[in-house]
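Summary of structural features
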Amino acid sequence: MTTSPHILVISFPGQSHINPALQFAKNLVKIGVDVTFVTPLFVHRRMKNASRVVQGLNIVSFSDGSDDGLLLITEHYFSELRRTGSEALKQIIRTSSLEGRPISCVVYSLLVEWVAEVARGEQLPSAELWDQPATVLDIYYHHFNGYGEDMRNCNNDPSWSIKLPGLPLLHAGDLPSLVNDEDNKPSLVHDENNKFIVKTFEDLIDVLVGHEKTKPIVLVNTFDSLEFEALRAVEKLNMRAIGPLVPSAFLEGKDPYLAEAQMEEIGRGLLKCGMPFLWVINKQQDKEKLSCMKELEEKGMIVTWCNQLEVLAHPSLGCFLTHCGWNSTLESLVSGVPVVAYPVWTDQTTNAKLIQDIWETGVRVKSKNGVVDGDEVHRCLELVMRGAELRRNAKKWSDLAKEAIRESGSSDKNLKAFVAELGSVTEKSFVNHVVDALKCALDAKHVTLSKFLYPFLLLNIS
Ligand SMILES: O=c1ccn([C@@H]2O[C@H](COP(=O)(O)OP(=O)(O)O[C@H]3O[C@H](CO)[C@@H](O)[C@H](O)[C@H]3O)[C@@H](O)[C@H]2O)c(=O)[nH]1
């Protein structure tokens, strides 16, 4: 009789981190692993309200002091989360041991790198669940290991470029925005928080390569064929692709990054394009400020939220204008939908580079003095809607993504190998392995968007 490993999963409590972490936890449960998902109380409540409780997944919550769910991404919140989360983790680890279900490994997402220290203090192995592209982790690694000065000096100079080991040639605008100088931040971003967020990336790299004698494991939400070289580009990291982790969203909207003028330009571009569209603007008051609201509502539909995966799976969708968050990027690849890449900050700039130049599934908007004007939005929408080659490439990546996550596909094998190293899992538990929510998303075809005939546009940059 063999016992399965018991893995503890904890993520930063924002939708874009919780969703992949939860999907990862679900995939582990499916292959017979005992999983405890640790999350702040307000997230657990929302999961219950949205009936997102997963069978077989043990969820333990703790109070991070924001039980009302008004999450403010401030330095104070980060330190409170660290304080309350560390205590909760220690407690859970010790209780699990006493109950005869000792923890085998702790897996933690971006922005909660302190979890590795807690695990080390409890003599447990840990693994980072990196929820951005492998390419972006490589860039951060090099930024904090020898190339920082070079990158800071790029000054958004169009002739500046850098060749990092295993990565394509990167220009200034292709770097994650957080590694540029303060002055180089896109004007659309409220960046007063950037400094301490950059510090969490630095701390993570330090946690990963600063202490470990062996190569630290980083589980990356990507798949082998998508980022083959990037996954192997940093000798000191043991990156394993276990994605795409594409769940359906369950938390409500969050702060938009875009300034009013920018929304106005998108509206102008859309009207010029003349095609039907679904545009997500998550604040009603932002929608009301649009001068061309009436004309827009005649042509398309503006909503505060939509189930993005469902819309992406709709056969009439011709193009997706996205801010290139990594989840949205993966969702577009999985669904085979070509995109207009409209990056705003952080990894989105690098994701846009990969979309346009490496995977060739989209066109990236060009900004003038930090603003993308309506003509440019129109130009890119037209290019993508007419781009048969882009559509073919998108279809190719969709097939490869499905290949990666199917039984015995590369991500499936990588996940099972990770688990097998932690302890033995019964053969039987592997047999029934299915990739549930993702498969659902991939197979979902019939969403009720009856207003739309081919081709329509989806715009969501929030
Ligand atoms: O109306 C909406 C809005 C969002 N979503 C979902 O919410 C998620 C959004 O995730 P993502 O595309 O990654 O965007 P952000 O929430 O902006 O993600 C943050 O975190 C990501 C992971 O670290 C980074 O890649 C991004 O740059 C960063 O902004 C996706 O699953 C969407 O399908 C919906 O279903 N409907």
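As shown above, the structure is provided for reference.
Conventions we followed
- Residues numbered from 1 in each chain as written.
- Predicted model: local features only at pLDDT ≥ 70, side-chain atom pairs only at ≥ 80, totals over all residues.
- Heavy atoms only, no water.
- Phe/Tyr/Trp six-rings, centres within 6.5 Å; stacked < 30°, edge-to-face > 60°.
- Helix = DSSP H or I, 4+ residues; strand = E, 2+ residues; numbered from the N terminus.
- Buried < 20%, exposed > 50% of the residue type's maximum accessible area, 1.4 Å probe, protein only.
- Contact = heavy atoms within 4.5 Å.

**Some thoughts on the packing of aromatic side chains**
Scanning the model with the defined rule gives eight aromatic pairs in all. With centroids separated by 5.1 Å and ring planes inclined at 40°, the aromatic side chains of F12 and F78 adopt a geometry described as tilted. Residue F12 is located in the loop between β1 (6-10) and α1 (15-30), and its partner F78 is located in helix α3 (residues 75-98); the two are separated by 66 residues in the primary sequence. Residues F12 and F78 agree in their burial class; the two are buried. Here F78 and F196 contribute two aromatic rings whose centre-to-centre distance is 4.9 Å and whose plane-to-plane angle is 80°, an arrangement assigned as edge-to-face. Of this pair, F78 sits in helix α3 while F196 sits in helix α6 (residues 194-210); the two residues are 118 residues apart in sequence, bridging distant segments of the chain. Each member of the pair, F78 together with F196, is buried. Put simply, the rings of F12, Y77, F78 and F196 pair up and form one aromatic cluster.

**Digging into the environment of G85**
Locating G85 in the fold gives a position in helix α3. Residue G85 is classed as buried on the basis of its relative accessible area of 0%. Sequence separation between G85 and V112 is 27 residues, and the spatial gap between their C-alpha atoms is 9.2 Å. Contacts of G85, omitting those with residues within four sequence positions, involve F62, E80 and W114.

So far we have only geometry, and geometry alone does not tell us how the molecule works.
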